[in-house]
There are 2 protein chains.
Amino acid sequence: MLQTFKAKARKLPAGMQVETSSRNFKILIDEPQSLGGTDIAMSPVEALLAALGACQTIVAAAFAKAHDFSFEEFHVELEGDLDSDGFMGKSDVRPGFQEIRFSMHFKTTESQEKAEAFAAFIEKTCPVGDSLAHGVNLVLTEVVRE
Amino acid sequence: MLQTFKAKARKLPAGMQVETSSRNFKILIDEPQSLGGTDIAMSPVEALLAALGACQTIVAAAFAKAHDFSFEEFHVELEGDLDSDGFMGKSDVRPGFQEIRFSMHFKTTESQEKAEAFAAFIEKTCPVGDSLAHGVNLVLTEVVRE
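In this text the structure is predicted, and so the values were computed from the model without any measurement.

Draft legend 1. Quick look at helix H1 (residues 44–63) of chain B. Look at H1(B): 28 Å from first C-alpha to last across 20 residues, which is about the 28 Å you get at 1.5 Å a residue. With 18 of 20 residues buried, H1(B) is to be regarded as a mostly interior element.

This is the structure:
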């Protein structure tokens, strides 16, 4: 079933603080002081890594039973390389992430082989991971002056 | 300068709740009840849209002066299409977003032409947008049983 998900992002008066919202939920985003922010929240690229890890975690929780895989605890550690010269216009390197690496950690009595097969399923199935791995058609629909 | 950004995501005991963290900041993620969650926070795909909008908002704030573009207020509205049959394994449609659309809203006295040129710069420069538009090399480095 095709669904449309929505969000908003609104600049707050202070520096680079942003209030994002989706349905009735809000997430604050900021930049560290080294990048001109006030450092009250994660930066957008950190929030992107967090969304990817959350997506993988939810796939693990949602599909464990169907895969006859049981675990007591699960977490993901993520890191991504980004050259800020691209963002700052100092070089023609891409502004986005060059690579994102992640490790999955299960507290489980299942075999390593079974854990690796389930991890591969999680990687492939996670919607945020698929969006990043294969790209998405981004469309600027309108620029509105108010 | 190449920088490495980090985050973690950890399954909480309740249902599909996830605690994500980066540096000393946390963001909770959940799913709506219709998808088996407890609906206490944005879902991962909503958080992805929020991260994209926040990134564009910060680029607008950071680069306005250099582009001789002034505005009093700025916000982005985003929406993305995703077919949950892909995620659920009910069809071979991709699990990720098929398209993400966004509109940028400036409260400004600048011309429409100048606003559109600045919006195009924002779209191109935002690291989260570049990551999504052009894809990222995702690497599962390790599956650890604890």
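Draft legend 2. Quick look at the interface of chain A and chain B. Listed as interface residues are 108 residues of chain A and, on the opposing side, 108 residues of chain B. Roughly 9,700 Å² is buried in total at the junction of chain A and chain B, and carbon and sulfur atoms are behind 63% of that figure. Considering only the side of chain A, the residues that lose the most area to chain B are A:Phe5, A:Leu138 and A:Arg145, jointly responsible for 8% of the buried surface there. Connecting chain A to chain B are eight salt bridges. Taking the shortest distance from any N to any O, the salt bridge between A:Asp130 and B:Arg94 comes out at 2.7 Å. Viewed at the interface, chain B and chain A are joined by 60 residue pairs in polar contact (both at pLDDT 80 or more). Class assignment for the residues of the side of chain A that touches chain B results in 55 nonpolar, 26 polar and 27 charged. Relative to strand E6 (residues 137–145) of chain B, strand E5 (residues 97–107) of chain A runs parallel, the two being bridged by eight bridges.

Draft legend 3. Expanded view of a negative patch on the surface. Residues A:Glu72, A:Glu73, A:Glu77, B:Glu142 and B:Glu146 make up a contiguous surface patch of negative charge. Tracing the chain through its elements places B:Glu142 in strand E6. The exposure class of B:Glu142 is partly exposed, given its relative accessible area of 47%.

Draft legend 4. The arrangement of the pattern of salt bridges in detail. Tallied over the full model, the rule gives 22 salt bridges over all chains. Residue B:Lys6 pairs with A:Glu79 through a salt bridge whose shortest N-O separation is 3.8 Å. With one member in each of two chains, B:Lys6 in strand E1 (residues 2–11) and A:Glu79 in strand E4 (residues 73–83) form a pair that bridges those chains. Connected through salt bridges with shared partners, the residues A:Lys6, B:Glu79, B:Asp81, B:Glu99 and B:Arg101 form a single ionic network.

Draft legend 5. Representation of the nonpolar core. A:Phe106, A:Phe118, B:Phe106 and B:Phe118 are the most contacted members of the largest nonpolar core, which totals 68 residues. When neighbours within four sequence positions are excluded, A:Phe106 is seen to be in contact with A:Phe69, A:Phe71, A:Glu73, A:Phe74, A:Ala115, A:Phe118, A:Ala119, A:Ile122, B:Val143, B:Val144, B:Arg145 and B:Glu146.

Draft legend 6. Inspection of the sheet that holds strand E3 (residues 25–29) of chain B at higher detail. In spatial order, the strands read E3(B)-E2(B)-E1(B)-E4(A)-E5(A)-E6(B); together these six strands make up an open sheet with mixed pairing. Looking at the sheet topology across the chains shown, the edges are occupied by E3 and E6 of chain B. This sheet shows a mean twist of 20° between the axes of neighbouring strands, independent of strand direction. Across the face of the sheet, helix H1 (residues 44–63) of chain A comes into contact with E4 and E5 of chain A together with E1, strand E2 (18–22), E3 and E6 of chain B while running at roughly 35° to E1(B). In this fold helix H3 (residues 112–125) of chain A packs onto E4 and E5 of chain A together with E6 of chain B, with an angle of close to 150° to the strand it touches most, E6(B).

Draft legend 7. Quick look at the sheet that holds strand E2 (residues 18–22) of chain A. If you trace the six strands from one edge of the open sheet to the other, you get E3(A)-E2(A)-E1(A)-E4(B)-E5(B)-E6(A), paired in mixed fashion. A single partner strand is all that each edge strand has here, and the edge strands are strand E3 (25–29) and strand E6 (137–145) of chain A. Each strand axis lies, on average, 20° off the axis of its neighbour in the sheet, ignoring direction. Of the pairings in the sheet, the one linking E2(A) to E3(A) comprises five bridges and is antiparallel in character. Within E3(A), the position partnered with A:Glu19 by the bridge is A:Leu28.

Draft legend 8. Local environment of the pairing of E2(A). All names here are of chain A. Extensive coverage of E2 is indicated by the burial of five of its five residues. Of the two faces of E2, the one lined by Val-18, Thr-20 and Ser-22 and the one lined by Glu-19 and Ser-21 are each fully buried. Once strand E1 (residues 2–11) ends, the chain turns through six residues before running back antiparallel as E2, passing Gly-15 with a positive phi of about 55°. Counting the residues between successive antiparallel strands, the hairpin from E2 to E3 contains two residues, one of them, Arg-23, with a positive phi of roughly 50°.

What counts and how
Residues numbered from 1 in each chain as written. Chains lettered and ligands numbered in written order. Predicted model: local features only at pLDDT ≥ 70, side-chain atom pairs only at ≥ 80, totals over all residues. Heavy atoms only, no water. Helix = DSSP H or I, 4+ residues; strand = E, 2+ residues; numbered from the N terminus. Expected span 1.5 Å × (residues − 1). Buried < 20%, exposed > 50% of the residue type's maximum accessible area, 1.4 Å probe, protein only. Contact = heavy atoms within 4.5 Å. Buried area = accessible area lost by both parts, 1.4 Å probe. Salt bridge = Lys/Arg side-chain N within 4 Å of Asp/Glu carboxyl O. Polar contact = N/O pair within 3.5 Å; in protein donor to acceptor, adjacent residues only side chain to side chain. Nonpolar A, V, L, I, M, F, W, Y, C, P; charged D, E, K, R; others polar. Pairing = 2+ DSSP bridges. Patch = residues over 30% accessible without salt bridge, like charges linked within 9 Å, V, L, I, M, F, W, Y side chains within 5 Å. Areas by Shrake-Rupley, 256 points an atom, 1.4 Å probe, with all protein chains shown as cover. Lys, Arg positive; Asp, Glu negative; His and termini not counted. Charge placed at Lys NZ, Arg CZ, Asp CG, Glu CD. Core = buried A, V, L, I, M, F, W, Y, C linked by side-chain atoms within 4.5 Å. Axes fitted to C-alpha atoms, helices over the stretch in contact; angles between N-to-C directions.

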